[in-house]
Amino acid sequence: MGDRRSQIIKALIDAQNTPVSGEELGLKLGISRTMVWKYIKSLKADGYDIESAPKRGYVLKSLPQLLYPEEIQLGLKTTLLGKKIHYFEEVISTNSVAKEIAASEKEGTLVISEVQKGGRGRMGREWVSPHGGIWMSVILKPRIPFRHASRLTLVAGLAVANVIREMGLDARIKWPNDVRINGKKVCGILTEAKAEVDRVDYVVLGIGINVNMDLKEIPESFRTGSTTLKVELGKHIRRASFLQDFLFELEQQYINFTTQPFSNILDEWLTLSDTIGRDVKVTTPSRIIEGRAVGVTPDGGLIIRKTDGTKEEVIAGRCIYARP
Ligand code: BTN
């Protein structure tokens, strides 16, 4: 089904507003005109605005604004990420779905949902996920020890920041994984992994990006400190194109991750992070560390110099800047 729908969409896009007859489409796909009509009907139901010009054929007027796999995959430049996409209109959490299917799925498989009803943030927090955002999980199967899985959070943060910067916005990374614009959070990343002994079975990279929401669509208790790409750019963004660009960027960064020393990625990450040099307060499940962020460890942990001059390293935690 998916494949034929994609072929029809592609044929209509290629025709550039000139009608394509049911007969022509049928011949191209090796199916009857009635079947073509059935596919057209299902595409229309999914929000594709297709006009039927009597006796002349079908014209594609506009694409839907949803993240249908066919639309993401059409023109997707990746070779690994997003080749298979599980799409949902609504789900509890894409990370939970991804973890359930990860063992039997190939590396690069994506789980994406228009809405999450129980989106999860780091450290047990809720992640608000209404219509208009990009809520997705990427299944990866790198040959790395478990202790290096958190490095992928930095890889993903770097990819998000880079793709937002390409839009002309000054995206920065707040350790370990918040992507912010003008000091406000636009993206969060939740990395979950399963490992045997010391080898990772899979890593699920859960990425949430506030794209087309207005601030009033974010509940008040979460609004302070948050922003969306639409708010920052002052215009609506075509999410499918943004996602294609992001997946391509993430794939490039992932290739670097698997082929180059991690220090190369860390160096790039450091140029985009606004955490180093700041006074921070980092909360972990067992302690609170305050001081100046002075660097990152080879695994991406934060190095904090406390007021007594001693240094501490934190692998994960919630970081707050003393001054915004
Ligand atoms: C954070 O900053 O606390 C991390 C937020 C991660 C949110 C994403 S949205 C897609 C994926 N599914 C989830 O339930 N969470 C992640």
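Residue indices begin from 1 for each chain and proceed along its sequence in written order. Reporting in this predicted model follows two pLDDT cut-offs: at least 70 for local features of residues, and 80 or more for side-chain atom pairs to be given and counted; totals over whole chains, interfaces and linings ignore these cut-offs and use all residues. Values reported for side chains reflect all heavy atoms of the structure, with hydrogen atoms and water molecules removed beforehand.

**Here we look at the sheet that holds strand 14 (residues 318–321)**
The strands making up a sheet associate through hydrogen bonds between their backbones, and the pairing can be parallel or antiparallel. Note on pairing: two strands pair once DSSP finds at least 2 bridges between them. We count a stretch as a helix when DSSP gives it H or I for four or more residues in a row; a strand needs E for two or more, and each element gets its number in order from the N terminus. A sheet is described by the order of its strands in space; here five strands give the open sequence 13-12-11-10-14, paired in antiparallel fashion. In the strand order of this sheet, the two ends are held by strand 13 (311–314) and strand 14, each with one partner. Across the sheet, the mean angle from the axis of one strand to that of its neighbour is 45°, orientation sign disregarded. The axes are straight lines fitted to the C-alpha atoms, using for helices just the contacting stretch, and the angles between their N-to-C directions are given from 0 to 180°.

**Considering the sheet that holds strand 5 (residues 134–140)**
Strand order across the open sheet formed by seven strands is 3-4-5-9-8-7-6, with mixed pairing between neighbours. For this open sheet the edge positions go to strand 3 (85–91) and strand 6 (171–174), each flanked by a neighbour on one side alone. The mean inter-strand angle of the sheet, taken between neighbouring strand axes irrespective of direction, is 20°. In the sheet, strand 6 pairs with strand 7 (residues 178–181) via four bridges, with the strands oriented antiparallel. Residue pairing across strands places Ala171 opposite Ile181, the latter belonging to strand 7.

**Things to note about the site of the ligand**
Near the ligand there are 19 residues, and of these Ser93, Gln116, Arg120, Arg122 and Lys185 occur at the shortest range. Counted as a polar contact is a pair of N or O atoms within 3.5 Å, where, for protein atoms, one must be capable of donating a hydrogen and the other of accepting one, and residues adjacent in sequence contribute only when both atoms are in side chains. Gln116 places a side-chain nitrogen or oxygen 2.9 Å from a nitrogen atom of the ligand. Surface exposure here means Shrake-Rupley accessible area, sampled with a 1.4 Å probe, where a residue is shielded only by the protein chains that are shown. Here the ligand loses 99% of its free accessible area of 420 Å² to cover by the protein chains. Where the shell around the ligand is concerned, the elements lending two or more residues are helix 5 (94–101), strand 5, strand 8 (184–196) and strand 9 (199–209). With four residues, strand 8 is the single largest residue contributor to the shell around the ligand. Nearness here has a simple test: a residue counts as near a molecule or strand if at least one of its heavy atoms is within 4 Å of that partner.

**Concerning the environment of Ile207**
In this structure, Ile207 sits in strand 9. When the C-alpha atoms of Ile207 and Lys141 are compared, they prove to be 17 Å apart, with 66 residues separating the residues in sequence.

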